[in-house]
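This is what each chain is made of:
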Amino acid sequence: MEILESIDALKKALVPIRRRGETLALVPTMGHLHEGHLQLVRTARQWADRVIVSLYVNPFQFGPAEDFSSYPRTPEADAAALRRENVDGLFLPATEELYPRPPEAMTFVEVPVLSETLCGSFRPGHFRGVATVVLKLFHLVEPDVAVFGEKDFQQLVVIKRLVEDLHLPIQIVGVPTVREADGLARSSRNSYLSPIERPLAGALFAALNEAASALERGLIAGDEIASKGQKVLESKGFEVDYFAIRRLDDLGTPGPLERRLVILVAARLGRTRLIDNLIVQRD
Ligand code: PAF
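It should be emphasised that the depicted structure is a prediction, and the values quoted were computed from it without experimental measurement.

### Comments concerning the site of the ligand
- If you check the shell around the ligand, you find Pro 28, Thr 29, Met 30, Gln 61, Val 133, Phe 148, Asp 152 and Gln 155 and nothing else.
- In this structure, an oxygen atom belonging to the ligand sits 2.6 Å away from a side-chain N or O atom of Gln 61.
- In this structure, Gln 155 approaches the ligand through a side-chain N or O atom, which is 2.7 Å from an oxygen atom.
- Here the ligand, which alone exposes 290 Å², has 89% of that area covered by the protein.

### Digging into the sheet that holds strand 4 (residues 89-91)
- Taken in spatial order, the 6 strands make up an open sheet running 1-4-3-2-5-6, and their pairing is parallel. Among the strands making up the open sheet, the edge pair consists of strand 1 (2-4) and strand 6 (171-175). Strand-to-strand twist across the sheet, computed as the mean angle between neighbouring axes with direction ignored, equals 25 degrees.
- Note: strand 5 (residues 145-149) against strand 6, 5 bridges, orientation parallel. Across the sheet, the residue bridging to Ala 146 is Ile 172, located in strand 6.

### Here's the deal with the pattern of salt bridges
- Per the stated rule, a full pass over the model turns up 20 salt bridges.
- Residue Glu 110 pairs with Arg 128 through a salt bridge whose shortest N-O separation is 3.8 Å. Placement of Glu 110 in the loop between helix 4 (95-98) and helix 5 (119-122) and of Arg 128 in helix 6 (residues 126-141) is noted, with a sequence separation of 18 residues between them.
- Given a relative accessible area of 31%, Arg 128 falls into the partly exposed group.
- Overlapping salt bridges bring together Arg 20, Glu 22, Arg 45, Arg 50 and Asp 88 as one network.

### Let's talk about the pairing of strand 2 (residues 24-29)
- Summarising burial for strand 2: 6 of the 6 residues are buried, a large majority.
- Judged by which residues are buried, strand 2 turns out to be covered on both faces: Leu 24, Leu 26 and Pro 28 on one side and Ala 25, Val 27 and Thr 29 on the other are all buried.
- Regarding topology, helix 2 (residues 35-47) serves as the crossover connection from strand 2 to the parallel strand 3 (residues 50-55), and that connection is right-handed.
- Note: strand 2 against strand 5, 2 bridges, orientation parallel. Counterpart to Ala 25 in the pairing with strand 5 is Val 145.

Conventions used here
Residues numbered from 1 in each chain as written. Predicted model: local features only at pLDDT ≥ 70, side-chain atom pairs only at ≥ 80, totals over all residues. Heavy atoms only, no water. Near = heavy atom within 4 Å. Polar contact = N/O pair within 3.5 Å; in protein donor to acceptor, adjacent residues only side chain to side chain. Areas by Shrake-Rupley, 256 points an atom, 1.4 Å probe, with all protein chains shown as cover. Pairing = 2+ DSSP bridges. Helix = DSSP H or I, 4+ residues; strand = E, 2+ residues; numbered from the N terminus. Axes fitted to C-alpha atoms, helices over the stretch in contact; angles between N-to-C directions. Salt bridge = Lys/Arg side-chain N within 4 Å of Asp/Glu carboxyl O. Buried < 20%, exposed > 50% of the residue type's maximum accessible area, 1.4 Å probe, protein only. Right-handed = clockwise from strand over helix to strand, strands pointing away.

In short, the description is geometric, and any link to function would need to be established separately.
What follows is the structure, encoded as structure tokens:
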């Protein structure tokens, strides 16, 4: 696996891949890799001849009071895990190269509406930061395919819209969430959970399942199901940002006959903000 610490090194590594006519997949990450990321890498491998993983903790998707400085950074362990997966290149861009201008002079890209709802309304600027760094990575790596986890479902929808609206020739592939035995979605931020909080965290997935089966039974309205889910989590000590039922494709408010739905939740347990979701397709 080649370690690519500059744009120049990346570009040089891409030349033989392109010369040989091989296809290329990109897996963008912020590191502290876990089984969920490795699943993205394995999926990428199924879609393309070569796989490049980027590892960059992007400061511009964190709010001023968020966890940018404490975000877990484990580059050696990450590189070892990616080597075991036979990844072809690990791109570790430097902030000075990726963002050559001071923040007030930077070019950003916005995906309106989709970026303002759900997590966007609690984390202003977050999806602008995600869309901008992902677009930069897409331009630098020029992959045929890029792979993202469904765990960050809103992020996936935002990136699909970005690609569609800017006519980028990149196939976006979403990968189902990898879970712990109690259903907790694998996330780099799970390492913030204390030993007391960790056993409680499985309640998030249980609440999503509860809501999904109520939706499938169709006996009560979506709003009622969502507020019940929120109350259950609050009773277990979560501080809930949202518990929402949305249309699968564009995260809009669904009509009563909508069949393709996603239930999304964001809630804090102590200092850890957890997000999760569950897709529900009604016949
Ligand atoms: O999902 C993530 O890890 C990040 O938001 C991403 C897509 C790598 C952009 O920084």
